[in-house]
Amino acid sequence: MTDAKNWKPATRLVHGGTTRSSFGETSEAIFLTQGYVYDSSEAAEARFLGENPGYIYSRYANPTVGMFEQRMCELEGAEAARGTASGMAAVNSAIMACVKAGDHVIAPKALFGSCRYIIEKLLPRYGVESTLIDGTDIEQWKAAVRPNTTAAFLESPTNPTLEVIDIPAVADIIHEAGGRLIVDNVFATAIWQSPLALGADVVIYSATKHIDGQGRCLGGIVLSDEKWIVEEFHDPFKHTGPAMSPFNAWVLLKGLETLSLRVERQTANAGKLADFLADHSAVSRLIYPGRADHPQADIVAKQMQGGSTMLAFDLAGGKEAAFKFSNALEIVSLSNNLGDAKSLITHPATTTHQSVAEDARLELGITDKTLRLSVGLEDADDLLEDVAKALAAV
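Per chain, residue numbering runs from 1 following the sequence as it is written. Two thresholds apply to this predicted model, a pLDDT of at least 70 for residue-level local features and 80 or more for giving and counting side-chain atom pairs, whereas whole-chain, interface and lining totals are computed over all residues. The side-chain values count all of the structure's non-hydrogen atoms but skip hydrogen atoms and water molecules.

A. Representation of the overall build of the protein in the model. Counting from the N terminus, the helices are DSSP H or I runs at least four residues long and the strands are E runs at least two residues long. When its secondary structure is counted, the protein shows 16 helices and twelve strands. For 394 residues, the compact-globule estimate of 2.2 N^0.38 gives 21 Å, and the C-alpha radius of gyration of the protein, at 21 Å, lies within 12% of that figure. In terms of overall dimensions, the protein has C-alpha extents of about 75 × 50 × 35 Å along its principal axes. For the protein, contacts bridging at least 24 residues in sequence account for 73% of all contacts bridging at least 6. Per-residue and other accessible areas were derived by the Shrake-Rupley procedure at a 1.4 Å probe size, with only the shown protein chains allowed to occlude residues. Within the structure as shown, the protein displays about 16800 Å² of accessible surface, and the carbon and sulfur contribution to it stands at 51%. Radius of gyration: C-alpha atoms only; globule rule: 2.2 Å multiplied by the number of residues to the exponent 0.38. Contact criterion: two residues are considered in contact whenever any of their non-hydrogen atoms come within 4.5 Å of each other.

B. Expanded view of the pairing of strand β5 (residues 180–184). Partly exposed describes any residue whose relative accessible area lies between the buried limit of under 20% and the exposed limit of over 50%, with all areas from a 1.4 Å probe on protein chains only and scaled to the type maximum. Summarising burial for β5: five of the five residues are buried, a large majority. The alternating pattern of β5 places Arg180, Ile182 and Asp184 and Leu181 and Val183 on opposite faces, both of which are buried. Classification remark: right-handed applies to a crossover when, strands pointing away from the viewer, the course from the first strand over the helix to the second runs clockwise. Regarding topology, helix α7 (residues 167–176) serves as the crossover connection from strand β4 (residues 149–155) to the parallel β5, and that connection is right-handed. Of the pairings in the sheet, the one linking β5 to strand β6 (residues 202–206) comprises three bridges and is parallel in character. The partner of Val183 across the bridge, within β6, is Val203. By definition, two strands form a pair when at least two bridges between them are found by DSSP.

C. Spotlight on helix α16 (residues 380–393). Relative to the 20 Å expected for 14 residues at 1.5 Å per residue, α16 spans 20 Å between its end C-alpha atoms, a close match to the ideal helical length. Within α16, the full set of buried residues consists of Ala380, Leu383, Asp386, Val387, Ala390 and Leu391. Axial view of α16: buried residues confined to an arc of 130°, hence all on one face. In α16, the exposed positions angled more than 90 degrees off the buried face are occupied by Asp381, Lys389 and Ala392. Contacts made by the buried residues of α16 are with α12 (259–278), β9 (310–315) and α14 (318–328). Definition of a polar contact: a pair of N or O atoms within 3.5 Å, with one able to donate and the other able to accept a hydrogen when the atoms are protein atoms, and with sequence-neighbouring residues admitted only if both atoms are side-chain atoms. The N-cap residue of α16 is Asp379: its side-chain oxygen and the backbone nitrogen of Asp381 are 2.8 Å apart. How far a helix is expected to stretch is found by multiplying one less than its residue total by 1.5 Å. Here, the arc refers to the directions that run from the helix axis to the C-beta atoms.

D. Representation of the sheet that holds strand β8 (residues 283–287) in the model. Strand order in the open sheet formed by five strands is β8-β9-β12-β11-β10, and the pairing between neighbours is mixed. Pairing within the sheet leaves two strands with one partner each, and these edge strands are β8 and β10 (333–334). By the bridge criterion, four bridges tie β8 to β9 in an arrangement that is antiparallel. Pairing of Ile287 across the sheet is with Ala312, part of β9. Its contacts with the sheet put α14 on β9, β10, β11 (344–346) and β12 (370–374), and the angle it makes with β9 is roughly 130°. The axes used here are C-alpha line fits, helices contributing only the stretch in contact, and every angle between their N-to-C directions lies in the interval 0 to 180 degrees.

E. The pattern of salt bridges, seen in detail. In the sections that follow, a salt bridge refers to a side-chain nitrogen of Lys or Arg positioned within 4 Å of a carboxyl oxygen of Asp or Glu. This model, assessed by the stated rule, comprises 17 salt bridges. Taking the shortest distance from any N to any O, the salt bridge between Arg146 and Glu129 comes out at 3.0 Å. Here Arg146 is found in the loop between α6 (138–144) and β4, whereas its partner Glu129 is found in strand β3 (residues 129–133), with 17 residues between them in sequence. Overall, the relative accessible area of 32% leaves Arg146 in the partly exposed class. The residue Arg216 makes a salt bridge to Asp212 at a minimum N-O spacing of 2.7 Å. On the accessibility criterion, Arg216 (44% relative accessible area) is partly exposed. One salt-bridge network, in which partners are shared between bridges, spans Glu28, Arg71, Lys254 and Glu257.

F. Region of interest: the packing of aromatic side chains. Here a Phe, Tyr or Trp ring, Trp counted by its six-membered ring, pairs with any other such ring whose centre lies within 6.5 Å, and the pair is stacked when the planes are under 30 degrees apart, edge-to-face when over 60, and tilted otherwise. Counting across every chain of the model gives seven aromatic pairs. Considering the side-chain rings of Phe313 and Phe325, the 5.8 Å spacing of their centres and the 90° angle between planes classify their relative orientation as edge-to-face. Here the residue Phe313 occupies a position in strand β9, and Phe325 occupies one in helix α14, the gap between them amounting to twelve residues. For Phe325, a relative accessible area of 1% gives the class buried. Taken together, Trp228, Phe233 and Phe237 form an aromatic cluster joined through their ring pairs.

G. Inspection of the packing of helix α4 (residues 87–96) against helix α5 (residues 113–125) at higher detail. Direction vectors running N to C along α4 and α5 enclose 35°, while the axes themselves pass 10 Å from each other. Once α4 is placed against α5, the crossing between them reads as right-handed. Residues Met88, Val91, Asn92, Ile95 and Met96 of α4 form the contact with α5, whose participating residues are Ser114, Cys115, Ile118, Ile119, Leu122 and Leu123. Looking at the contact of α4 with α5 residue by residue, the classes come out as nine nonpolar, two polar and no charged. Each helix crossing is assigned a hand: it is left-handed if the near helix lies turned anticlockwise from the far helix by less than a right angle, otherwise right-handed if that turn is clockwise. Gly is placed with the polar residues, together with every amino acid not listed as nonpolar (Ala, Val, Leu, Ile, Met, Phe, Trp, Tyr, Cys and Pro) or charged (Asp, Glu, Lys and Arg).

H. Geometry of a nonpolar patch on the surface. Residues with no salt bridge and a relative accessible area higher than 30% make up the patches, which join like charges within 9 Å and nonpolar side chains (Val, Leu, Ile, Met, Phe, Trp, Tyr) within 5 Å. Nonpolar side chains collect at one region of the surface, where Ile30, Leu32 and Phe247 lie side by side and expose about 290 Å² of accessible area between them. A residue is classified by how much of its surface remains accessible, and Phe247, at 40% relative accessible area, is partly exposed.

I. How the structure looks around the UniProt feature "modified residue: N6-(pyridoxal phosphate)lysine" (unreviewed entry) in the protein. As recorded in UniProt, the feature "modified residue: N6-(pyridoxal phosphate)lysine" (unreviewed entry) lies at Lys209. Mapped onto the elements of the fold, Lys209 is located in helix α9 (residues 208–212). On the accessibility criterion, Lys209 (18% relative accessible area) is buried. When near neighbours in sequence (up to four residues on either side) are disregarded, Lys209 contacts Val186, Asn337, Leu338 and Gly339. UniProt positions are given in the numbering used here, feature names are shortened, and annotations may be inferred rather than shown by experiment.

Here it is, written out as structure tokens:
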């Protein structure tokens, strides 16, 4: 067999991390168990002391979850990972593992509503300061650094306006300050962007999105170097309990087998829709990382291998037009989820970013006329026809 280190991503997504039981099953086994038994009291003691490797409790580790973690490590180029119950569990636990009272965190203003809540509202409760900046302005990153800066968190592309941040440049700034850079890679996916290779220290995913990508279950994952995962992340993770369900890990393993196929098809569909919308008279703004007119097209070309399954656009008629357009769609469904096999439309100002203050939303370019479209696996011509008919209704 070919050396697994030389496998291409599509092969890793099918075979990486697979561990077979004595039954020799083809599909990965679901170890749907809470706890584990020991041959003797002495063996249990040795297990808890770390002298005898093995499983103790599924809140700490589980064989099926372990297969998912290992497969993601092989895809991402990470040394270690921990699966979590949701994407936000991954975000929260990764940030919390980097800070203590008196520390300082930097993040862009352009963040998913729940991520912004953690940075702006939750961290201050525990004595952690934060500074929100324009993430596309490298000078603002430099200016925000303080002696007590221990971490930075960013999304790239951002949710929902698809700003692209220069990850290597930000990594250099944060590392010089002695901090760790955490990157949420959901919109790019591991197929089109590799944050760890670009200089990030930690990469997180909501596995609910493209990794499952079929509307079935929640999940998240935190990936980094083994030293940080073992020495800094694992104990808070173990004791606070954001662990992934073994069943969900199995579903996500099945999702990984087709991830590259789905993301490539979704991205191709998204590119066609973006080109159509960019030229439509009812559309006042179109943002898509795969187009030359993207505001950070030079950075996209430098750090991404493809566009995205996501795009954002404004309708000239404002909120009324946005609602009327969304309601007129027949194939595309109204949902706040993304990265699904089904195309999904969202009005961020009244859903995903409703908790963000209006002035802050407007500063980010999220207006009442902004729509976020997660493009699915449908036939591109059918999607184009559906969107065209909905625009005509507006």
